[in-house]
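What the coordinates show
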Amino acid sequence: MQQPNPAMIQKIMGMLENTQEIELTCDEVFAVLDQFVELAARGEDVSNLLPLVERHLSICADCKEEYDTLKRMMAGAV
Ligand SMILES: [Zn+2]
């Protein structure tokens with residue numbers, strides 16, 4: 001079980017270079033979603049770290065549902 005950390009996620013996001021004006025795909029969001037949830041749960045500023053993921057969640061019902069599921073799982077696991 002690897003620990004999530006902002007630097008690693010930003011490295012992943014760095015691979016998606018110059019995507020500021022581009023929407024992420026669901027695959028890209030899914031790749032970091034569990035980390036996104038963990039960071040959010042730890043109180044990290046995910047809207048600043050991963051604005052594209054947050055934006056995708058606001059427009060994609062499928063990913064939002066997955067996000068909510070992960071959040072519930074995380075809450076239940078504590
Ligand atoms: Zn999506």
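Whatever comes next refers back to the structure up there.
Okay, so let's go over this structure.

Calculation rules
- Residues numbered from 1 in each chain as written.
- Predicted model: local features only at pLDDT ≥ 70, side-chain atom pairs only at ≥ 80, totals over all residues.
- Helix = DSSP H or I, 4+ residues; strand = E, 2+ residues; numbered from the N terminus.
- Expected span 1.5 Å × (residues − 1).
- Bend = angle between axes of the 7 residues up to and from the residue.
- Buried ≥ 20, exposed ≤ 12 C-beta atoms within 10 Å, placed from the backbone.
- Arc of directions from axis to C-beta.
- Core = buried A, V, L, I, M, F, W, Y, C linked by C-beta atoms within 7 Å.
- Contact = placed C-beta atoms within 7 Å.

Compared with the 22 Å implied by 1.5 Å per residue over 16 residues, the 21 Å span of helix H2 (residues 26–41) between its first and last C-alpha is a close match. By the largest-angle criterion, Val32 marks the main kink of H2, which is about 50 degrees. Residues of H2 that are buried: Val29, Val32, Leu33, Gln35, Phe36, Val37, Leu39 and Ala40. Directly beyond the C-terminal end of H2, a positive phi value near 90 degrees is found at Gly43.

Within the secondary structure, Cys60 is located in the loop between helix H4 (51–59) and helix H5 (61–77). For Cys60, a count of 17 C-beta atoms within 10 Å gives the class partly exposed. With 34 residues separating them in the primary sequence, Cys60 and Cys26 have C-alpha atoms 8.2 Å apart.

For H4, the complete set of buried residues consists of Val53, His56 and Leu57. An end-on view of H4 places all buried positions within 100 degrees of arc, on one side of the element. Seen from the buried face of H4, the exposed residues on the opposite side, beyond 90 degrees, are Pro51, Ser58 and Ile59.

If you look at the biggest cluster of nonpolar residues, it comprises 16 residues, and the most contacted ones within it are Val29, Val32, Leu33, Phe36, Leu50 and Val53. Of all the secondary structure elements, the ones that give two or more residues to this core are helix H1 (6–15), H2, H4 and H5. In terms of residue count, the dominant contributor to this core is H2 (seven residues). The residues touching Val29, leaving out its near neighbours within four places in the chain, are Leu24, Val53, His56 and Cys63.

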